[in-house]
Amino acid sequence: MAELFLVRHAQASFGAANYDKLSELGHEQSRALGRALKAQGIRPTAVFIGDMLRHRETLDGIFEGLEMTAEPGIHAGLNEFDFTALLNAKFAGRPAPENMHTERKSHFRTLRDTVLEWEQGGIPGAAESWADFTARVEAARQVVMAPDHQQVLAVSSGGPIARMIAAQLDCGPGQQIKLQLQIKNCAVNRFVYSAKSVYLHGFNETPHINAANQERLLTYS
């Protein structure tokens, strides 16, 4: 069976004017993950990313650690949903929670409740519907899990990764965001698959983190 290593991007720039780029720590995380994957003997035969800068920069760091290069396939289904626009749509015309976009606790508490509402068909002003988000993630899954691949590396974001896992496990409503908020930066989620079947083989793994570096490298946003 083939194997997919589905990686969440490294730490981005939360609270900055441009979230969609890695922090200095994020670059360090991605290189460390690449070295850990190399130590495990992983040598992907196909590589995919979304079209976000933080995906490309994470892949560059992983490649540096793996000591390899390849031209990735790009699929927009691996992109994160626009959480800033989604939150703004929810609170359009009324006061939003204080520091919703700049303070982590406020942001993720509000995002959790907002995604639950979005999943149930709420937030009519959202730029992307839940159904459209789900459909594009499934389209990406079919591309990255093509039967002619052997060992696939894909860099994505917490939302699409959680959506793939929730769909594979046939999770009920409300489970997507619970999975998403657990996924660490640069965490590896493994699937084994064939033309007839798909299995989740590992969730939220961090082979690049140990007791000596955990305090520095373990992040969620």
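This text gives an overview of the structure that appears in the document. (Residues numbered from 1 in each chain as written. Predicted model: local features only at pLDDT ≥ 70, side-chain atom pairs only at ≥ 80, totals over all residues. Heavy atoms only, no water.)

Overview of the overall build of the chain
For the record, the criterion: Only runs of H or I of at least four residues qualify as helices and only runs of E of at least two qualify as strands under DSSP, and these elements are numbered from the N terminus. We call a residue buried when its accessible area falls under 20% of the maximum for its residue type, exposed when it is over 50%, and partly exposed in between, using a 1.4 Å probe and counting protein chains only. Contacts: residue pairs with any heavy atoms within 4.5 Å of one another. Per-residue accessibility takes into account occlusion by the displayed protein chains alone, with areas from the Shrake-Rupley method and a 1.4 Å probe.
The number of helices and strands found in the chain is eight helices and six strands. Going residue by residue from the N terminus, the α and β elements of the chain occur as β-α-β-α-β-α-α-α-β-α-α-β-β-α. Overall, the chain is about 50 × 40 × 30 Å in size when its C-alpha atoms are taken along their principal axes. Expressed as a percentage of the 221 residues in the chain, the buried residues total 55%. Counted over contacts in the chain with a minimum sequence separation of 6, partners at least 24 positions apart contribute 71%. Just so you have it, the chain exposes about 10200 Å², and 49% of that area is on carbon and sulfur atoms.

Digging into the nonpolar core
Note the cut-off: Put simply, a nonpolar core is a bunch of buried Ala, Val, Leu, Ile, Met, Phe, Trp, Tyr and Cys residues held in one set by side-chain atoms that sit within 4.5 Å of each other.
Counting residues in each nonpolar core, the largest one holds 40 residues, and the members touching the most others are Leu4, Phe81, Val115, Trp118, Val144 and Phe191. Beyond its immediate stretch of four places on either side in the chain, Val115 contacts Phe81, Leu86, Trp130, Gln176 and Ile177. Counting 18 residues, the second-largest nonpolar core is a separate cluster that includes Val7, Ile49, Leu59 and Val188.

Here's the deal with the pattern of salt bridges
The condition is simple: The working definition used for a salt bridge is a side-chain nitrogen of Lys or Arg within 4 Å of a carboxyl oxygen of Asp or Glu.
For the structure on display, the rule yields nine salt bridges. One salt bridge connects Asp20 with Arg54, and the closest N-O pair in it is separated by 2.9 Å. On the criterion of sequence distance, the pair formed by Asp20 in the loop between strand S1 (2-8) and helix H1 (24-39) and Arg54 in helix H2 (residues 53-66) is long-range, its members being 34 residues apart. Both residues of the pair, Asp20 and Arg54, belong to the buried class. What emerges from the salt-bridge pattern is a single network uniting Glu3, Arg190 and Glu205.

Considerations on the environment of Glu71
Mapped onto the elements, Glu71 comes out in the loop between H2 and strand S3 (73-74). In the structure, Glu71 is positioned 23 residues away from Phe48 in sequence and 8.5 Å away in space, judged by C-alpha atoms.

Quick word on the side chain of Gln11
Spelled out, the test is: Any pair of nitrogen or oxygen atoms within 3.5 Å is treated as a polar contact; in protein, a donor-acceptor pairing is required on top of that, and neighbouring residues in sequence qualify only through side-chain atoms on both sides.
Relative to the helices and strands, Gln11 resides in the loop between S1 and H1. Exposure remark for Gln11: the relative accessible area of 12% places this residue in the buried category. One polar contact links Gln11 to Ser23, side chain to side chain, over a distance of 2.5 Å. Setting aside chain neighbours within four positions, we find Gln11 in contact with Lys21, Leu22, Ser23, Leu25, Gly26, Gln29, Arg104, Asn185, Thr219 and Ser221.

Some words on H2
This is how the line gets drawn: Multiplying 1.5 Å by the residue count of a helix minus one yields the expected span of that helix.
With 14 residues, H2 ought to run about 20 Å at 1.5 Å a step, and its terminal C-alpha atoms sit 20 Å apart, in line with that. Burial analysis of H2 places ten of its 14 residues in the buried class, the great majority of the element. Of all the residues in H2, the buried ones are Arg54, His55, Glu57, Thr58, Leu59, Gly61, Ile62, Phe63, Gly65 and Leu66. Packing partners of the buried residues in H2 comprise S1, H1, strand S2 (46-49), helix H3 (83-90) and strand S4 (151-156). Downstream of H2 by a residue or two, Glu67 has a phi angle that is positive, lying close to 60°.

Observations regarding the packing of H1 against H2
Worth spelling out the cut-off: Angles run from 0 to 180 degrees between N-to-C directions of axes, and those axes are lines fitted to C-alpha atoms, restricted for helices to the stretch in contact. Between 65 and 115 degrees an angle is taken as roughly perpendicular, under 35 as roughly parallel, over 145 as roughly antiparallel, and anywhere else as oblique. Crossing handedness follows the turn of the near helix against the far one: under a right angle anticlockwise gives a left-handed crossing, and clockwise gives a right-handed one. Note on residue classes: Ala, Val, Leu, Ile, Met, Phe, Trp, Tyr, Cys and Pro are nonpolar, Asp, Glu, Lys and Arg are charged, and everything else, Gly too, is polar.
One way to put it is that H1 packs onto H2 with a least axis distance of 6 Å and a crossing angle of 40°. As the angle between them shows, H1 and H2 are arranged oblique. Where H1 crosses over H2, the two elements pack in a sense that is right-handed. Taking contact as the criterion, the partners of His27, Ser30, Arg31, Leu33, Gly34, Arg35, Leu37 and Lys38 in H1 are, on H2, Glu57, Thr58, Gly61, Ile62, Glu64, Gly65 and Leu66. For the contact of H1 with H2, a count of residues per class yields four nonpolar, six polar and five charged.

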